[in-house]
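Close look at the chain arrangement
One letter stands for each residue in the lines below.
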Amino acid sequence: MLILKPNGFREHYADKLVYMNETIKIQNTQEDQLLVQAFQAGDKAAFDRLVMKYKDKIFYMVFRLLGDQEEANDLAQDIFVKAYLGLPRFRQEAAFLTW
């Protein structure tokens, strides 16, 4: 929805949205780092929280690539199994989602 206001308002509003989006990304990255650290320290529930946070995003990304719901479910599960097995060695040089 575009709100018509005096000149400059749209640009100012867009800048605020970009700032808010960047703030959310930073908060998500920090939360992910804490969850990874907790998992590496032995808190297995931290991985459950990561799965709950990203399961839909991973599924839809895979589904768009494959176009098959069952295959997408299987591959999404495989992705999380590999993440679980590799997470103890994760050095946080990348964001959890992109890793």
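Okay, so let's go over this structure. (Residues numbered from 1 in each chain as written. Predicted model: local features only at pLDDT ≥ 70, side-chain atom pairs only at ≥ 80, totals over all residues. Heavy atoms only, no water.)

1. Quick notes on the side chain of Asp32
Convention followed: Only DSSP runs of H or I covering at least 4 residues are called helices, and only runs of E covering at least 2 are called strands; the numbering of each starts at the N terminus. The criterion used for residue contact is that any of the two residues' heavy atoms lie within 4.5 Å.
Among the structural elements, Asp32 can be located in helix 1 (residues 9-40). Filtering out sequence-adjacent residues up to four positions away, Asp32 remains in contact with Leu50, Lys53, Tyr54 and Phe96.

2. As for the environment of Leu35
With respect to the helices, strands and loops of the structure, Leu35 is situated in helix 1. The spacing of Leu35 and Phe47 is 12 residues in sequence and 7.0 Å in space, taken between C-alpha atoms.

3. With respect to helix 3 (residues 69-86)
Applicable threshold: To estimate how far a helix should extend, the number of its residues minus one is multiplied by 1.5 Å. Burial classes: relative accessible area under 20% of the type maximum marks a residue as buried, over 50% as exposed, and values in between as partly exposed (1.4 Å probe, protein chains only). Taken from the helix axis, the directions to the C-beta atoms give the arc we talk about. Polar contact is defined as a pair of N or O atoms within 3.5 Å, subject to the rule that within protein one atom must be able to donate a hydrogen and the other to accept it, and that residues adjacent in sequence are counted only when both atoms are side-chain atoms.
The first and last C-alpha atoms of helix 3 sit 26 Å apart over 18 residues, in line with the 26 Å expected at 1.5 Å per residue. Those residues of helix 3 lying buried are Ala72, Ala76, Phe80, Ala83 and Gly86. Down the axis of helix 3, the buried side of the element spans an arc of 135°, and every buried residue falls inside it. The exposed residues of helix 3 that point more than 90 degrees off its buried face are Glu70, Gln77, Lys82 and Leu85. Where helix 3 is buried, its residues touch helix 2 (44-66). Sitting at the amino-terminal end of helix 3 is Asp68, which places a side-chain oxygen 3.2 Å from the backbone nitrogen of Glu70.

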